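Take a look at the letters that make up each chain.
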Amino acid sequence: MARDNEVDVRRFSNKESSTRVGRIPTPSGFPGLGDINSYLIFPEDNSDELILIDTGVRSDEAWQALTDGLKLLDYRVEDITRIILTHGHTDHYGQAHRIHEVSGCELWAHENLWLTVERMEPPPDRLELELYFYARWGVDKDLVEKALARRAEYAKTFESMEPTHSLKDGERIEIPGFNLETIHTPGHCPDEVVYWQPETQIFFSGDHLLPHITPVCLLQIPRSQDEPRPRSLMEYQASLTKVSPYPARVTYPSHGEPITDHLELIRSYNLSTDRRMLKISRILEKGGLMSPMDIAKALFPKAWQEQMVPVMSEVLGHCDILEEGGHVAVEERAGVIHYRYISTPPP
């Protein structure tokens, strides 16, 4: 039985989408996140290929939920022949290795998976770069170290493994009677993909499209002090444009209920982005020259300490768009980046 505000284990009907598709929610264990939806693609007649899209975190609770869900659908972990990832965050990838150990299944993921894995398990030189860039954005070292310590705790719900096959944008995944197209949709993270099933008009959207919440486009730390920072929110907007033409009948997200109108959802995301840019513009107009951390404190007064990384991701992402549009200027003072108001973006 589904918990409050969560979805249930089920095999979908042809009226809903396809009887080839099933869903198993498993607990993430993260406050405010709730369950992660894994999806099954059931074998065609005379085939034994059982596909799992995303795995859940590495925890005993998630493992039990997965095995119980499979049992309700008359399968076992041992029956899984291939895992296909939407991206490499721990709630999607965490127990892939454990499933592989039991079933011997393959793991397919986008070729940029290593970038997301490296963020969760960074080598020392990457940690030094993180400290350097957060200092340039005006974040106190103590606050950064607390955030990195929380990430290290999250990493305990994660165990990486080398993919059997690395996917490229546009690549077709051959599944008997249910081929998928790989659509690379960076923004939320560098390896995010959406899978498209053309005959049934189904999207498996990972965290790219989510009901009731706009996905956070997480900061990407450059690979050297001199390298430009990837502009995650702008990448995400381009990815939204990329999936818009597809005539999706239903979208299966990684969190929450199915989405029946992805275009309306995208419009709501764009409106949310416009509203946040307007708020930042007003903050800068009133506050004068401000660092990203100064803006974060004004924009998210209750969240900037405990949720520093997503908060800074939101601030810098929206400031990127304002800078691109000529609405703010960027200046450096004492090694710290500051933004200066120029104009208010049009509605």
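As shown above, the structure is provided for reference.
Since we're looking at a predicted model, the values are computed, not measured.

Reading the values: the criteria
- Residues numbered from 1 in each chain as written.
- Predicted model: local features only at pLDDT ≥ 70, side-chain atom pairs only at ≥ 80, totals over all residues.
- Heavy atoms only, no water.
- Axes fitted to C-alpha atoms, helices over the stretch in contact; angles between N-to-C directions.
- Helix = DSSP H or I, 4+ residues; strand = E, 2+ residues; numbered from the N terminus.
- Parallel < 35°, antiparallel > 145°, perpendicular 65-115°, else oblique.
- Left-handed = near helix turned anticlockwise from the far one by under 90°.
- Contact = heavy atoms within 4.5 Å.
- Pairing = 2+ DSSP bridges.
- Buried < 20%, exposed > 50% of the residue type's maximum accessible area, 1.4 Å probe, protein only.
- Arc of directions from axis to C-beta.
- Phe/Tyr/Trp six-rings, centres within 6.5 Å; stacked < 30°, edge-to-face > 60°.
- Lys NZ or Arg CZ within 6 Å of the ring centre and 35° of its normal.

Undergrad: Any chance you could break down the packing of helix 8 (residues 262–287) against helix 9 (residues 292–299) for me, citing the residues and the numbers?
TA: Relative to each other, helix 8 and helix 9 sit at 110°, their axes nearing to 10 Å. With respect to helix 9, the axis of helix 8 lies roughly perpendicular. Between helix 8 and helix 9 lies a crossing whose hand is right-handed. Between helix 8, through R276, K279, I280, I283 and L284, and helix 9, the contact on the second element is made entirely by I295, A298 and L299.

Undergrad: Could you give an account of the environment of P247, naming the residues involved and the relevant values?
TA: Counting through the fold element by element, P247 comes out in the loop between helix 7 (232–243) and strand 12 (250–253). Considered as a pair, P247 and I99 are 148 residues apart in the sequence and their alpha carbons are 33 Å apart. Apart from residues lying up to four places away in sequence, P247 is in contact with W196 and Q201.

Undergrad: I'd like a description of the sheet that holds strand 10 (residues 193–197), backed by residues and values.
TA: Read from one edge to the other, the open sheet built from five strands follows the order 8-9-10-11-12, with strand pairing classed as mixed. Each edge of the open sheet is held by one strand with a lone partner, namely strand 8 (172–173) and strand 12. Here strand 9 (residues 180–184) pairs with strand 10 via four bridges, running antiparallel. Its bridge partner lying in strand 10, E181 is registered against W196.

Undergrad: Give a detailed account of helix 3 (residues 96–103), specifying residues and quantitative values.
TA: Every buried residue belonging to helix 3 is among A96, H97, I99 and S103, and all of these are buried. Looking straight down helix 3, one finds its buried side chains confined to an arc of 160°; they lie on one side. On its buried face, helix 3 sits against strand 4 (50–53), helix 1 (60–72), strand 5 (80–84), helix 2 (90–93) and strand 6 (106–110). Immediately beyond the C-terminal end of helix 3, within one or two residues, lies G104, with a positive phi of roughly 75°.

Undergrad: Run through the side chain of H110, naming residues and quoting values.
TA: Here H110 is to be found in strand 6. For H110, a relative accessible area of 3% translates into the label buried. Setting aside residues no more than four positions away along its own chain, H110 makes contact with L167, K168, D169, H184, D191 and V193.

Undergrad: Hey, could you go over the packing of helix 9 against helix 10 (residues 308–324) for me, with residue numbers and the actual values?
TA: The N-to-C vectors of helix 9 and helix 10 enclose an angle of 110°; their axes lie 9 Å apart at closest approach. Here helix 9 lies roughly perpendicular to helix 10, going by the angle between them. Along this stretch, helix 9 crosses helix 10, giving a crossing that reads as right-handed. Facing helix 9, whose interface residues are P292, M293, I295, A296 and L299, helix 10 presents V311, M312, V315, L316 and C319.

Undergrad: Please provide a residue-by-residue account of the packing of aromatic side chains, values included.
TA: In total, this model carries 13 aromatic pairs according to the counting rule given. With 5.3 Å between their ring centres and 90° between their planes, Y134 and W137 make a pair best called edge-to-face. Taking the centre distance of 5.2 Å and the plane angle of 70° together, the rings of W196 and Y246 count as edge-to-face. Of this pair, W196 sits in strand 10 while Y246 sits in the loop between helix 7 and strand 12, and the two are 50 residues apart along the sequence. Neither residue differs from the other here; W196 and Y246 are each classed as buried. Here R98 stacks its cationic end above the ring of W63, 4.2 Å away from the centre of that ring. Between the NZ or CZ atom of K297 and the centre of the ring of W304, over which it lies, the distance is 4.8 Å.

Shape descriptors only; they carry no functional weight alone.
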